[in-house]
Protein chains: 4
Amino acid sequence: MIIILKNNDYSEENPSVQKLTEYIKNYDVNISKIIGSQTTIWGLVGDTSKIDIDMIRQFDIVENVQRVAEPFKNANRKFHPDDSIIDVAGKKIGAGYFSVMAGPCSVESQEQITDIAKKVKNSGSAFLRGGAYKPRTSPYSFQGLRDMGINMLLEAKKAADVPIVTEIMDLSHLDYFGEVDIIQVGTRNMQNFELLKELGHTKKPILLKRGFANTIEEFLMSAEYIMAGGNSNIVLCERGIRSFDNKTRNVLDISAIPVIKRLSHLPIIIDPSHATGYSYLVEPMAYAAVAAGADGLMIEVHNDPQNALSDGAQSLTPEQFDKVMQSIIKRVEFEGKIMQR
Amino acid sequence: MIIILKNNDYSEENPSVQKLTEYIKNYDVNISKIIGSQTTIWGLVGDTSKIDIDMIRQFDIVENVQRVAEPFKNANRKFHPDDSIIDVAGKKIGAGYFSVMAGPCSVESQEQITDIAKKVKNSGSAFLRGGAYKPRTSPYSFQGLRDMGINMLLEAKKAADVPIVTEIMDLSHLDYFGEVDIIQVGTRNMQNFELLKELGHTKKPILLKRGFANTIEEFLMSAEYIMAGGNSNIVLCERGIRSFDNKTRNVLDISAIPVIKRLSHLPIIIDPSHATGYSYLVEPMAYAAVAAGADGLMIEVHNDPQNALSDGAQSLTPEQFDKVMQSIIKRVEFEGKIMQR
Amino acid sequence: MIIILKNNDYSEENPSVQKLTEYIKNYDVNISKIIGSQTTIWGLVGDTSKIDIDMIRQFDIVENVQRVAEPFKNANRKFHPDDSIIDVAGKKIGAGYFSVMAGPCSVESQEQITDIAKKVKNSGSAFLRGGAYKPRTSPYSFQGLRDMGINMLLEAKKAADVPIVTEIMDLSHLDYFGEVDIIQVGTRNMQNFELLKELGHTKKPILLKRGFANTIEEFLMSAEYIMAGGNSNIVLCERGIRSFDNKTRNVLDISAIPVIKRLSHLPIIIDPSHATGYSYLVEPMAYAAVAAGADGLMIEVHNDPQNALSDGAQSLTPEQFDKVMQSIIKRVEFEGKIMQR
Amino acid sequence: MIIILKNNDYSEENPSVQKLTEYIKNYDVNISKIIGSQTTIWGLVGDTSKIDIDMIRQFDIVENVQRVAEPFKNANRKFHPDDSIIDVAGKKIGAGYFSVMAGPCSVESQEQITDIAKKVKNSGSAFLRGGAYKPRTSPYSFQGLRDMGINMLLEAKKAADVPIVTEIMDLSHLDYFGEVDIIQVGTRNMQNFELLKELGHTKKPILLKRGFANTIEEFLMSAEYIMAGGNSNIVLCERGIRSFDNKTRNVLDISAIPVIKRLSHLPIIIDPSHATGYSYLVEPMAYAAVAAGADGLMIEVHNDPQNALSDGAQSLTPEQFDKVMQSIIKRVEFEGKIMQR
């Protein structure tokens, strides 16, 4: 950590200097000082990950503070050089294993979800996704079948013999997720810290989606919240960030894949359906994700997109999905990765 | 609502046309059609607020859908032309009444919060703000005193005879907020819909902060969530939006004040402290907010910003705050508004 | 074009209605009207591409105006369904032909540019890129060798027998570009309309880079400026858009490839070097671009990145480039496209 | 300037270390080193403003580089603590003097511009603004009367005895600007560096508008381009930045006023008309700008907004402007500033 002081002529007796020095001493780091032409630079040597950068910033002699090391530790590749593999129901995610999670945005009926479960599994999807609790911008939009939807997913899981992933929206629903294979934390909850902390105390695999306006560092800090509680079973998911353009719902940040792979050992998958909002963009963006090194894909599939209760515009039909999967399977092989199914 | 169809030569017997027509008929609206040079336009006449725009988009003949009317109703000025006044503990917010809410980012001790409570009240603040549950990006940063912090706030409320506002982070904490005067929903929870729904079932005044990357329409839709549950005691708060610049923490969107005033009858206040992240910007931004028509301000005040456990860099000392308040009082008067204290 | 009027009870005698009607009549379009529950909708039927949407917006009875058809015509796929092929010096760009343009950010010496020209050609690059005029944020940074740089590029072109692409920064330099094969318009000049107009009067192939904060529609409108002057030899280039994250210089908008392919017949290439700003990201982003359907790539290659006079941090060495090219060639083949070299 | 090296165990004999050391020695600065727990930090002491940060970044041992001092010098308040006053035609801008520049977006006829000139002057505007060369997104929109428009402005200047400000779009038009009092550089040309350089060689007052997606640092670097050429007569203008919301054309960054005032001695004015795009927002945003410390305002006024050839939607009528000006005059007085007229 580097602290830049406002001037270059502070004496050691300056009370502000003494106050800041004492504060830093709490953290068992050493201070090296450089007297510049206008400012003074303090370099903090040691483990600075626990120091609150905002605390330093508020000392009156401080002009600016900058981290040299990343503020996350458990998620940091520096301390865990090998790729993590998340093992779920016999499927591996990460480190050369590639998984697809497919299914409808919302669970709508037992028949629908079981039917899609069988179809996506048949096309090569390793997981069934489906929303039971649905975060919707409008209170007047369909809010999901909720606990009933979870039950339908569990029924489909049994019927099609496929593990399931579904989103949690509130801590109070956690009990319903006992047999869910992967718990998804959605984009709007990426910084719901109470939820993250509690999930850190479970051993459940977590699919953590990037907030639509969160930096990659904030994204990894949210993973750190879960890991700090003791749960390292995290799969990251990039699903588009907000921009000024309106031709797509969000801008899919494909470069997040190699950036995160450099910073962290956690696997990262891509959701081209929510990112773009249009079914015609799912195919090219899925291929781009594979080529850029993603560990998996989350794709919306609906048996009848025109009658879907949410997000039909971005869903593929099972037939379209099957065709896209044939190409994905070849591409995963081209990249030298192992398809999980 | 306007639906733009892909072509201009659909027959009434086209099954897609029939399917879409039937779907729309569910909502008791009429369809007027314009045959364009390349497309067909359907205008939906009637109350379209309950129609899910994403549902329409997924019909295969649909090129695009656009709302003409806003998707919110309870929060809409069109159906409630007069400014709402939110009445809290004898103070009025909105419709010409101006309120300041001041206090520390975090409650740190009983002595601290009681001391600040007395000082900010003395300077003219109508409410004491203080954080008990703190949303922090890092799991290693101070997380607030939590329920103990609430108790200290209630003690300070009694000691200084000043109503309090404090943030809720999870539904499970709601019980602690019984004697809190205004419950704040923070920027990261603006789209925590389960929380919004539940708060809609209380009668508590809610301070709803705009998400740092949410549109004004989404902001008002979140207010609509609370109102749809029956609770209309909402004060909106603009606190900066994320941008590409880094000279300020966020960009304070001052124009949100007149835009929201045109769209909605709800009062809107400004938080210049969190928006900018720097104490030197609080004063000019507070003055700008008053001039642009805000109904109030939320300002961070800390007795010892350099030793604050969070966000000291953006806090004013009680002395600085007192000076700024003297100017704010004059400016509120200049605007012909009535200061609440 | 759809015009939404403020109320639903305008009479034909209303002078504002008459004024707006007369204005629209100038454009030889018909008006169809829908009386809504709160507003009136006018649908304009005919060729509305010449109507200035801002002009309509200013009539006092107008609430909002929305285009149904895109505001560009020459660049529009609707009127030119087949992919355009841009033919430059015997190389084809677009419609299944794939071209790489490689070379240093800045031309630094004759020896450097000739050496790189031979190497990139040898690795399979169809074009040599190199900057002579350099747009730099700081007046104190290296500004390029300017006309001398152009001469060096032309010398390298001859020596290595490879066509060249280089950026123009001001109309007054146009004379120097006589033997340049492709004239690049940089991101900061995408809306330098005087430049675009003048380039429209040449027959030169133009590489038009997307402005770092411009929408796809604005991007295509800038192409339209050039095409309106009579020059259809345009290659579009996506090179990253500005966002709130700082882990990459910009966010590479890979989805712009399929979006633009749907809207326009013009070829689109990707510049992963400028987009990301880091050499380690060039390889995965190049592969993603190929997979998403790009018609080519622009890649920075420098013989000695550490001593480059600009943007060395994002440059590959010729050896790294050669290795990446071997993979690109295989991937282009995988996609069923024809590599140009 | 701080350089963070990748490791903490480099020997002095390491050739990369030697290469970087030699490079830095060219700039007459000293290097102080701190050996950290994972990295090495080099602090560069001396005048680093001429060092190209991108050059440093490309050395292979460099992890990151950060400036401590701002990269601009002439525009920097540190080296010029007092506010600059720009003196134009007897009017002062900056340092407590407040100026309004008003007029139509486009000059449309002699009668129009002379009429508005007289009216805005009469209402208290110090300058007449009017566009002769118009940057328009579409080639099919009105492009301005160009040199003829300049002549009309000069005629109006004489007739109403009011200095004028108008935009330049290309260097080749510079000759027409001989009698123009302030030359405006528009948002799309803020980084047209060839234009900036040339304007630096004139003595003309320049109104430099912030690019709609440029940081404040880039904004000041563009001012630095002009100042480096010898011209310090610069008035900065904030006119809104691009965001994800669409309720306003851009987001007016009011906090740019105090931020720029802290970093630079140059005056800064606000353009609420272009920033918001709606006439109903001009009044509250103008008042906010005055309260936040702006040195002036640029406001669009059109005698007949509904028939304006550009941007009528954001124009005030002369009557509306006169009313707003009465309030502005009172507010400027309230702030203790001196109105120029």
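Quick caveat, the model's predicted, so the values are computed rather than measured. (Residues numbered from 1 in each chain as written. Chains lettered and ligands numbered in written order. Predicted model: local features only at pLDDT ≥ 70, side-chain atom pairs only at ≥ 80, totals over all residues. Heavy atoms only, no water.)

A look at the overall build of chain A
Assigned secondary structure in chain A consists of ten helices and 15 strands. In terms of overall dimensions, chain A has a C-alpha envelope of 75 × 45 × 40 Å along the principal axes. Per-residue burial for chain A yields a buried fraction of 67% across its 341 residues. Within chain A, residue pairs in contact and separated by at least 24 positions form 68% of the contacts whose partners lie at least 6 positions apart. Entry remark: accessible area of chain A is about 11100 Å², with carbon and sulfur atoms responsible for 45%. Across chain A, the 38 positively charged side chains and the 43 negatively charged ones have centroids separated by 3 Å. (Helix = DSSP H or I, 4+ residues; strand = E, 2+ residues; numbered from the N terminus. Buried < 20%, exposed > 50% of the residue type's maximum accessible area, 1.4 Å probe, protein only. Contact = heavy atoms within 4.5 Å. Areas by Shrake-Rupley, 256 points an atom, 1.4 Å probe, with all protein chains shown as cover. Lys, Arg positive; Asp, Glu negative; His and termini not counted. Charge placed at Lys NZ, Arg CZ, Asp CG, Glu CD.)

Some thoughts on the pairing of strand β10 (residues 182-185) of chain C
Residue and element names in this part refer to chain C. On β10, burial covers both faces: Ile182 and Gln184 on one face and Ile183 and Val185 on the other are all buried. Pairing between strand β9 (residues 164-168) and β10: four bridges, direction parallel. When the sheet's bridge partners are listed, Glu167 is paired in β10 with Gln184. In this structure, β10 lies alongside strand β11 (residues 206-209), joined through three bridges in parallel fashion. Paired with Ile183 across the two strands is Ile206, which belongs to β11. (Pairing = 2+ DSSP bridges.)

Quick notes on the interface of chain C and chain D
Across the boundary between the two partners, chain C contributes 52 residues, which contact 52 residues of chain D. Both faces combined, the contact of chain C with chain D buries some 4700 Å², and carbon together with sulfur accounts for 49% of it. The interface formed by chain C and chain D contains six salt bridges. The salt bridge partner of Arg242(C) is Glu218(D), with a shortest N-O separation of 2.6 Å. Here chain C and chain D share 22 residue pairs in polar contact (both at pLDDT 80 or more) between them. The element best represented in the side of chain C that touches chain D is helix α6 (residues 216-228) of chain C, accounting for five residues. In terms of residue class, the side of chain C that touches chain D is built from 18 nonpolar, 17 polar and 17 charged. (Buried area = accessible area lost by both parts, 1.4 Å probe. Salt bridge = Lys/Arg side-chain N within 4 Å of Asp/Glu carboxyl O. Polar contact = N/O pair within 3.5 Å; in protein donor to acceptor, adjacent residues only side chain to side chain. Nonpolar A, V, L, I, M, F, W, Y, C, P; charged D, E, K, R; others polar.)

Overview of the interface of chain C and chain A
Every contact between the two is made by 35 residues of chain C and, on the other side, 35 residues of chain A. Between chain C and chain A, a total of about 2900 Å² is buried, with carbon and sulfur atoms accounting for 71% of that surface. The three residues of chain C that bury the most area against chain A are Phe244(C), Lys247(C) and Phe334(C), which together make up 21% of that side's buried surface. Linking chain C with chain A are six salt bridges. Here Lys247(C) and Glu217(A) are joined by a salt bridge, their closest N and O atoms 3.6 Å apart. Where chain C packs against chain A, one counts six residue pairs in polar contact (both at pLDDT 80 or more).

Let's talk about the relation of the copies chain C and chain D
When chain C is fitted to chain D, the residual RMSD is 0.0 Å, and the transformation amounts to a turn of 180° plus an axial shift of 0.0 Å. On this basis, the relationship between the two copies can be described by a two-fold rotation axis. Looking at the rotation axis and the C-alpha trace of chain C, the residue lying nearest is Ala213(C), at 3.0 Å. The residues that chain C uses at the interface reappear at the interface of chain D in 100% of cases, marking a shared surface. (Least-squares fit on C-alpha atoms with pLDDT ≥ 70 in both.)

As for the relation of the copies chain C and chain A
Between the two copies, chain C and chain A, the superposition gives an RMSD of 0.0 Å; the rotation angle is 180° and the shift along the axis is 0.0 Å. Looking at chain C, 100% of its interface residues are interface residues in chain A too, so the copies touch through the same face.

Structural notes on α6(C)
Residues and elements named next belong to chain C. Compared with an ideal rise of 1.5 Å per residue, which puts 13 residues at 18 Å, α6 spans 18 Å between its outermost C-alpha atoms and is within 8% of the ideal. The buried count for α6 comes to eleven of 13 residues, which makes it a mostly enclosed element. Within α6 the residues assigned to the buried category are Ile216, Glu218, Phe219, Leu220, Met221, Ser222, Ala223, Glu224, Tyr225, Ile226 and Met227. For α6, the elements touching its buried residues are α5 (193-200), β11, β12 (234-238) and α7 (256-263). A positive backbone phi angle near 115° is found at Gly230, which sits one or two residues after α6. (Expected span 1.5 Å × (residues − 1).)

Concerning the nonpolar core
Ranked by size, the top nonpolar core spans 313 residues in total, and within it Ile328(A), Ile328(B), Ile328(C) and Ile328(D) carry the most contacts. Top contributing element to this core by residue count: helix α9 (residues 279-292) of chain B, with ten residues. Contact partners of Ile328(D), with chain neighbours within four places excluded, come to Phe98(D), Ala286(D), Tyr287(D), Leu297(D), Ile299(D) and Met339(D). (Core = buried A, V, L, I, M, F, W, Y, C linked by side-chain atoms within 4.5 Å.)

Things to note about unusual backbone geometry
All names here are of chain A. Unlike most non-glycine residues, Asp161 shows phi in positive territory, near 55°. In this fold, Asp161 is placed in the loop between α4 (147-160) and β9 (164-168). Given the relative accessible area of 57%, Asp161 is considered exposed.

A few points about the sheet that holds strand β2 (residues 30-35) of chain B
Residues and elements named next belong to chain B. The strand order β2-β3-β1-β4 describes an open sheet built from four strands, whose pairing is antiparallel. Looking at the sheet topology across the chains shown, the edges are occupied by β2 and β4 (62-66). Pairs of neighbouring strands in the sheet enclose a mean axial angle of 20°, with direction left out of account. Pairing geometry for strand β1 (residues 2-5) and β4, over four bridges, is antiparallel. In the sheet register, Leu5 faces β4, and the bridge partner there is Val62. Packing against the sheet, helix α1 (residues 15-25) makes contact with β1, β2, β3 (40-45) and β4, and its axis sits at approximately 15° to β3. (Axes fitted to C-alpha atoms, helices over the stretch in contact; angles between N-to-C directions.)

Side note on the sheet that holds strand β3 (residues 40-45) of chain A
All names here are of chain A. Read across the open sheet, the four strands follow the order β2-β3-β1-β4; overall the sheet is antiparallel. Two strands close off the open sheet at either side, each with one partner strand: β2 (30-35) and β4 (62-66). Strand-to-strand twist across the sheet, computed as the mean angle between neighbouring axes with direction ignored, equals 20°. As paired elements, β2 and β3 share six bridges and run antiparallel to each other.

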